[in-house]
Amino acid sequence: MSYTNSVSMDDGNMVFNLMPNADFGYKVHGDPFSTNTRRVLAVLLEKGISYEPITVDLKTGEHKRESYLSLNPFGQVPVFEDGNIKLCESRAITQYIAYVHSSRGTQLLNLQSHKTMATLTMWMEFEAHQFDPFASVLTWEQVIKPIYGLETDQTVVEENETGLENVLNVYEKRLQESRFLACNTFTLVDLHHLPNIQYLLGTPTKKLFENRPKVRTWVDDITGREAWKLACDHDKSWFGK
Amino acid sequence: MAGIKVFGHAASTATRRALLTLHEKNLDFELVHVELKDGEHKKEPFLSRNPFGKVPAFEDGDLKLFESRAITQYIAHRYEEEGTNLLPADSKNISHYAIMAIGMEVEAHHFDPVASKLAWEQVFKLFYGMTTDQAVVEEEEAKLATVLDVYEARLKEFKYLAGETFTLTDLHHIPVIQYLLGTPTKKLFDERPHVSEWVAEITNRPASQKILQ
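Owing to the predicted nature of the structure, the values given are computational and were not obtained by experimental measurement. (Residues numbered from 1 in each chain as written. Chains lettered and ligands numbered in written order. Predicted model: local features only at pLDDT ≥ 70, side-chain atom pairs only at ≥ 80, totals over all residues. Heavy atoms only, no water.)

### As for the layout of surface pockets
The calculated volume of the second largest pocket comes to roughly 760 Å³. Around the second largest pocket sit 29 residues that line it, and Ile99(B), Ile102(B), Arg154(B), Phe158(B) and Leu161(B) are the ones nearest its centre. Only strand S4 (85-88) of chain A together with helix H4 (94-127) and helix H5 (134-157) of chain B provide two or more residues apiece to the lining of the second largest pocket. Sorting elements by how many residues they give to the lining of the second largest pocket places H4(B) first, with six residues. Taken together, the residues of the lining of the second largest pocket sort by class into 16 nonpolar, eight polar and five charged. (1 Å grid on protein atoms, 1.4 Å probe; cavity = no way out; pocket = protein on both sides within 12 Å on 5 of 7 lines; lining within 4 Å. Points joined across faces, edges and corners; volume = space filled by probe spheres on them. Helix = DSSP H or I, 4+ residues; strand = E, 2+ residues; numbered from the N terminus. Nonpolar A, V, L, I, M, F, W, Y, C, P; charged D, E, K, R; others polar.)

Set out below in structure tokens:
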């Protein structure tokens, strides 16, 4: 183990393994297979923070019923509870946790200056507005629809893969200059991509990531993180808790 | 002093989001016109400013940004002490900030996709000599109505979306709302008393008037 200035993956993992689970009484209403729920779990696990998982049964439409709508009027998971504060929108929740617990576990922000934070915010917007629209449709068509017995629409897949390729071309250039998207350390920006990327790696869309060397390395790096692997393990991260 | 520059189009909703923020803060800036009709935003040299080929692009000294909501947030933080405060009144209170952040996400993921489609169909298509697709308008208006019902309930309790003061959350809505007020979709805002009041408040602000010129 070398103690150089640059943060290596080993450093990140070692910090994680040593971090005891801190309990702030948090609750997460969601579904362990939902991309948006996993986005939130990933941050809690990176920070070594425990939470009470409360399953919302998406298959029976629980999230659209009155009892759930009082938690989130948009009828979506996840909802995060911190005492009497209820937060929805996964990317607002992840930012909340990253700020409140900035000094705990993995550092997910880049708080050095207005400039570094502006760059990080900008890349979070890219994920949300450029990457996610294509990636989430591809996940829906190829992963979720089959679970509900619906048929994948190949035309939609092709269209959205074309859109995603354009985005990944920009990412490929970016990753030549920077080890991770916002800066040289893993941040919320990279984390926000994980849920859709993980599902897409199990579909033919995988090739789009593999065909671009820098993107491929980045995908391997971020999907290989211990906290992320835990987030995807529904026994450890949800049902077994 | 290198100064602030916005590369965009004065009529573009995303560009206006950035301009609004600069006006609220009384900051000097230069608007560099990008001719969207000629596809200038999809060609060099604009592409080296924003490889996604969208306006606006932004510069403050040697900081280069794009994505209007990243630009507005940068301005709101970097120039916190100037002009209107666009962050929650108690800026150190993270819970209040989180409430504003949720509002920003809701605008971006629930309101804007629908509202932008309606603006595109009823306003921008006409600029380009195309025809409005009424079926799309009906579909999207139904979705917008659902979102505005949530806003109505929210605005019963609070004067603005994130609390008692005007914040970025409200500001992000203004450009698209301004366009929709010139279309039949206006009725959806008028029909909901608290939403209607909120719309009047935010569109009557001096900065909101400035971007229409």
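### As for the UniProt feature "domain: GST C-terminal" (unreviewed entry) in chain A
The UniProt record marks residues 113-241 of chain A with the feature "domain: GST C-terminal" (unreviewed entry), using the residue numbering of this structure. Secondary structure across residues 113-241 of chain A comprises 78% helix and 0% strand; the distance between its end C-alpha atoms is 38 Å. (UniProt positions renumbered as here; feature names shortened; annotations may be inferred.)

### Notes on the sheet that holds strand S3 (residues 57-60) of chain B
All names here are of chain B. The strand order S2-S1-S3-S4 describes an open sheet built from four strands, whose pairing is mixed. Since the sheet does not close on itself, it has two edges, and those belong to strand S2 (30-33) and strand S4 (63-66), each with one partner. Put simply, the sheet's adjacent strands are angled 20° from each other on average, direction ignored. Examined bridge by bridge, strand S1 (residues 4-8) and S2 share four bridges and lie parallel to one another. Residue pairing in the sheet places Phe-7 in a bridge with Val-32 of S2. Strands S1 and S2 of the sheet are contacted by helix H1 (residues 13-24), whose axis makes an angle of about 155° with S1. Each of S3 and S4 touches helix H3 (residues 68-78); the most contacted strand, S4, lies at about 135° to it. (Pairing = 2+ DSSP bridges. Axes fitted to C-alpha atoms, helices over the stretch in contact; angles between N-to-C directions. Contact = heavy atoms within 4.5 Å.)

### A few points about empty space enclosed by the protein
Taken as a whole, this structure holds two cavities of 30 Å³ or more when the rule is applied. Contributing elements (two or more residues each) for the lining of the largest cavity: helix H4 (90-100) and helix H5 (114-147) of chain A together with H3 and H4 of chain B. Its residues assigned to classes, the lining of the largest cavity comprises five nonpolar, seven polar and four charged. What the second largest cavity holds in volume is close to 40 Å³. Ala92(A), Gln95(A), Tyr96(A), Tyr99(A), Ile94(B), Tyr97(B), Ala98(B) and Ala101(B) are the residues that line the second largest cavity. Those elements that provide at least two residues to the lining of the second largest cavity are H4 of chain A together with H4 of chain B. Per-class residue counts for the lining of the second largest cavity are seven nonpolar, one polar and no charged.

### Quick notes on a negative patch on the surface
A grouping of Glu151(A), Asp153(A), Glu158(A) and Glu159(A) is seen on the molecular surface, where their side chains present a negatively charged patch. Among the secondary structure elements, Asp153(A) is positioned in the loop between H5 and helix H6 (154-177). (Patch = residues over 30% accessible without salt bridge, like charges linked within 9 Å, V, L, I, M, F, W, Y side chains within 5 Å. Areas by Shrake-Rupley, 256 points an atom, 1.4 Å probe, with all protein chains shown as cover. Salt bridge = Lys/Arg side-chain N within 4 Å of Asp/Glu carboxyl O. Lys, Arg positive; Asp, Glu negative; His and termini not counted. Charge placed at Lys NZ, Arg CZ, Asp CG, Glu CD.)

### So, the UniProt feature "domain: GST C-terminal" (unreviewed entry) in chain B
In this numbering, the UniProt entry assigns the feature "domain: GST C-terminal" (unreviewed entry) to residues 93-213 of chain B. Structurally, residues 93-213 of chain B comprises 76% helix and 0% strand, and the distance from its first C-alpha atom to its last is 37 Å.

### Description of the packing of aromatic side chains
What the rule picks out here adds up to 18 aromatic pairs over all chains. Each ring, one from Tyr151(B) and one from Trp198(B), has its centre 6.0 Å from the other, and the planes form 85°; the classification is edge-to-face. Taken together, the positions of Tyr151(B) in helix H5 and Trp198(B) in helix H8 (residues 193-203) put the pair 47 residues apart, joining distant regions of the chain. Since its relative accessible area comes to 3%, Tyr151(B) is described here as buried. Of the aromatic side chains, those joined through ring pairs into one cluster are Trp123(A), Phe126(A), Phe131(A), Tyr171(A), Trp218(A), Phe52(B) and Phe66(B). Above the ring of Phe7(B), the side-chain terminus of Arg49(B) is found at 3.6 Å from the ring centroid. Taking the ring centre of Phe166(B) as reference, the NZ or CZ of Arg205(B) above it sits at 3.7 Å. (Phe/Tyr/Trp six-rings, centres within 6.5 Å; stacked < 30°, edge-to-face > 60°. Buried < 20%, exposed > 50% of the residue type's maximum accessible area, 1.4 Å probe, protein only. Lys NZ or Arg CZ within 6 Å of the ring centre and 35° of its normal.)

### A short note on the pattern of salt bridges
If you walk through the whole model with that rule in mind, you get 28 salt bridges over all chains. In this structure, Arg179(A) engages Asp221(A) in a salt bridge whose closest nitrogen and oxygen atoms are separated by 3.8 Å. Of this pair, Arg179(A) sits in the loop between H6 and helix H7 (188-200) while Asp221(A) is found in helix H9 (residues 213-223), placing the two residues 42 residues apart along the sequence. The partner of Arg69(B) in a salt bridge is Glu107(B), with the nearest N and O atoms 2.8 Å apart. Here Glu107(B) lies in helix H4 and Arg69(B) lies in helix H3, a separation of 38 residues in the sequence.

### Some thoughts on the interface of chain A and chain B
Contact with chain A, which involves 28 residues of that partner, is made by 28 residues of chain B. Both faces combined, the contact of chain A with chain B buries some 2600 Å², and carbon together with sulfur accounts for 74% of it. Summed over the shared surface of chain A and chain B, the result is one salt bridge. A salt bridge links Asp62(B) to Lys115(A); the nearest nitrogen and oxygen atoms lie 3.2 Å apart. (Buried area = accessible area lost by both parts, 1.4 Å probe.)

### So, the packing of H3(B) against helix H6 (residues 168-180) of chain B
Residue and element names in this part refer to chain B. One can describe the packing of H3 onto H6 by two numbers: an axis separation of 11 Å at closest approach and a directional angle of 140°. With respect to H6, the axis of H3 lies oblique. Where H3 crosses over H6, the handedness of that crossing is right-handed. Contacts between H3 and H6 pair Arg-69, Thr-72, Gln-73 and Ala-76 from the former with Leu-168, Leu-171 and His-172 from the latter. Residue composition of the contact of H3 with H6, grouped by class: three nonpolar, three polar and one charged. (Parallel < 35°, antiparallel > 145°, perpendicular 65-115°, else oblique. Left-handed = near helix turned anticlockwise from the far one by under 90°.)

### Section: the environment of Leu36(B)
With respect to the helices and strands, Leu36(B) occurs in the loop between S2 and helix H2 (46-49). Other than its neighbours up to four places away in sequence, Leu36(B) contacts His9(B), Ser12(B), His41(B), Val55(B) and Tyr128(B).

### Overview of the nonpolar core
Burial of nonpolar side chains together is a common tendency in soluble globular proteins. If you look at the biggest cluster of nonpolar residues, it comprises 128 residues, and the most contacted ones within it are Phe80(A), Tyr171(A), Trp218(A), Tyr151(B) and Trp198(B). By residue number, the principal contributor to this core is H4(B), which donates 14 residues. Contact partners of Phe80(A), with chain neighbours within four places excluded, come to Tyr26(A), Lys27(A), Val28(A), Val40(A), Leu44(A), Ile85(A), Lys86(A), Leu87(A), Ile93(A), Tyr96(A) and Ile97(A). Ranked by size, the runner-up nonpolar core spans six residues in total, among them Phe7(B), Val34(B), Phe46(B) and Val55(B). (Core = buried A, V, L, I, M, F, W, Y, C linked by side-chain atoms within 4.5 Å.)

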